[in-house]
Amino acid sequence: MLSALERFAPLPLQESWDNAGLQVGLTETEVSGALLCLDVNERIVDEAKAKGCNLIVSHHPLLFRGLKTISDLNDVQRTVMSAIQKGIAVISMHTNMDNAKGGVNYRIAEKLGLQNVKFLAPAGSDAEAGSGVVGEFAEPQAADDFIIAVKKAFGVECAMCNELLRRPIKRVALCGGAGDFLLDEAVKNQADAFITGEMHYHQYFGYEQTIQICVIGHYQSEQYTAEIFDEIIKKECPGVKTFIAETNTNPILYI
């Protein structure tokens, strides 16, 4: 299972600060079922157990830093304890899945119906890996129609945007999660709009009528990542039962 996921999104594609790969458990465990999710917490572990799964595949790593203790001190430690006690392994495919061709950002582009999709910031000359993507709509859209379409595609209650662009939007750059570091790259690539999951307040300034910014939430932007895991596992490990998690782990409420 781990090797199948890593063939699609090799670990060397992850950023230097990341910690993708095996988080908890034994490498040779025979998989009874896999629960696929964005984040790992105690409720996800409980759902995996209830569904008869002894593997969790997440996008966000459970462990970013080393643990000096494993106790009930915080949610990460409690989750690790729970997974070990229940015999559940945890694998995370994070920025390696973001940076892989056909990965997280390609899936976002697919949900929006973008065409001619390519990496926004390719890693090297072969265009097999990179940060963000850029693509085009078949037909240009007015800014308000564009924002409505994005909200509908990702089921978001609200989007944070700069002032509406007074020209049609055809070329769209995007990056799931915290993609604000690619905003200037989007402008450089002559994108009419830039979509990401979260962005710092001060970055909204100075782009009026240059590019339409549309920020939809970190969880919301990456919510379809589990579909990629599901497709990989069904293709490479057809005998393994898979379940896309029903537990919503988004810690942010819109009230």
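Shown above is the structure to which this text applies.
Heads up: these notes are all about the structure in this document. Starting afresh in each chain, residues are numbered from 1 along the sequence in its written order. Local features are withheld for residues below a pLDDT of 70 in this predicted model, meaning they are given only at 70 or higher, and side-chain atom pairs are given and counted only at 80 or more; totals for whole chains, interfaces and linings count all residues. Calculation of side-chain values draws on the structure's entire complement of heavy atoms; hydrogens and water are dropped beforehand.

### Notes on the nonpolar core
Throughout, nonpolar core names a set of buried Ala, Val, Leu, Ile, Met, Phe, Trp, Tyr and Cys residues whose side chains join them through atoms within 4.5 Å. Residue burial is assigned from relative accessible area. The probe radius is 1.4 Å, only protein chains are included, and a residue is buried under 20% of its type maximum, exposed over 50%, and partly exposed in between. Residues F146 and I195 are the most contacted members of the largest nonpolar core, which totals 44 residues. Once you skip the residues sitting within four places of it in the chain, I195 turns out to touch L112, F146, V150, V172, A173, L174, C175, C214 and I216. Within the second largest apolar cluster, 16 residues are counted, among which are C37, V40, I88 and V90. Two residues form a contact once any of their heavy atoms are found within 4.5 Å.

### What about the packing of helix α2 (residues 42-50) against helix α3 (residues 75-85)?
The convention used is that axes are lines fitted to C-alpha atoms, helices contributing only their stretch in contact, and that angles between N-to-C directions extend from 0 to 180 degrees. Secondary structure elements follow DSSP: runs of H or I no shorter than four residues count as helices, runs of E no shorter than two count as strands, and numbering proceeds from the N terminus. Interaxial distance between α2 and α3 falls to 9 Å at its minimum, and their mutual angle equals 15 degrees. With respect to each other, α2 and α3 are oriented roughly parallel. Judged by the sense of rotation from one axis to the other, the crossing of α2 with α3 is right-handed. Contacts between α2 and α3 involve E42, V45 and D46 from the first element and R78, T79, S82 and A83 from the second. Side-chain classes follow a simple rule in which Ala, Val, Leu, Ile, Met, Phe, Trp, Tyr, Cys and Pro form the nonpolar group, Asp, Glu, Lys and Arg form the charged group, and the remainder, Gly included, forms the polar group. Here the contact of α2 with α3 is composed, by residue class, of two nonpolar, two polar and three charged. Geometric relationships in this document are graded by angle, where less than 35 degrees denotes roughly parallel, more than 145 denotes roughly antiparallel, 65 to 115 denotes roughly perpendicular, and other angles denote oblique. Crossings are assigned a handedness: left-handed for a near helix turned anticlockwise from the far helix by less than a right angle, right-handed for a clockwise turn.

### Structural notes on the layout of surface pockets
Detection works on a 1 Å grid of protein atoms alone, calling trapped sets that fit a 1.4 Å probe cavities and calling open sets with protein on both sides within 12 Å along at least five of seven lines pockets, with lining residues defined by an atom within 4 Å of a point. Grid points are joined across faces, edges and corners, and a volume is the space filled by probe spheres set on the points. Space inside the largest pocket adds up to approximately 500 Å³. Lining of the largest pocket is provided by 24 residues; of these, D39, V40, H60, P61 and F64 occupy positions nearest its centre. Of all the secondary-structure elements, those providing two or more residues to the lining of the largest pocket are α3 and α8 (218-222). Looking at the lining of the largest pocket residue by residue, the class counts come to 12 nonpolar, eight polar and four charged.

### Side note on the environment of H200
With respect to the helices and strands, the residue H200 is situated in the loop between β9 (193-196) and β10 (212-215). Exposure remark for H200: the relative accessible area of 56% places this residue in the exposed category. Linking H200 and L2, residues 198 residues apart in sequence, is a C-alpha distance of 35 Å. Counted as a polar contact is a pair of N or O atoms within 3.5 Å, where, for protein atoms, one must be capable of donating a hydrogen and the other of accepting one, and residues adjacent in sequence contribute only when both atoms are in side chains. A polar atom in the side chain of H200 sits 2.8 Å from the side chain of D180.

### Some thoughts on the sheet that holds strand β2 (residues 34-37)
Each pair of strands is called paired provided DSSP finds at least two bridges between the two strands. Strand order in the open sheet formed by five strands is β1-β4-β3-β2-β11, and the pairing between neighbours is mixed. Looking at which strands have only one partner, the edges of the open sheet turn out to be β1 (21-24) and β11 (242-244). Between one strand axis and the next, the sheet turns by 25 degrees as a mean value, whatever way the strands run. For β1 and strand β4 (residues 89-92), the ladder comprises three bridges, and the chain directions are antiparallel. Looking across to β4, one finds that L22 is bridged to I91. Across the sheet, α2 lies against β2, β3 (55-58) and β11, angled at about 150 degrees from β2, the strand it touches most.

### Some words on the pairing of strand β6 (residues 130-141)
In this structure, strand β5 (residues 115-122) lies alongside β6, joined through five bridges in antiparallel fashion. Within the sheet, the bridge partner assigned to P122 lies in β6 and is G130. The pairing of β6 with strand β8 (residues 169-175) spans five bridges and is antiparallel. Each bridged residue has a counterpart across the sheet, and for V133 the counterpart in β8 is L174.

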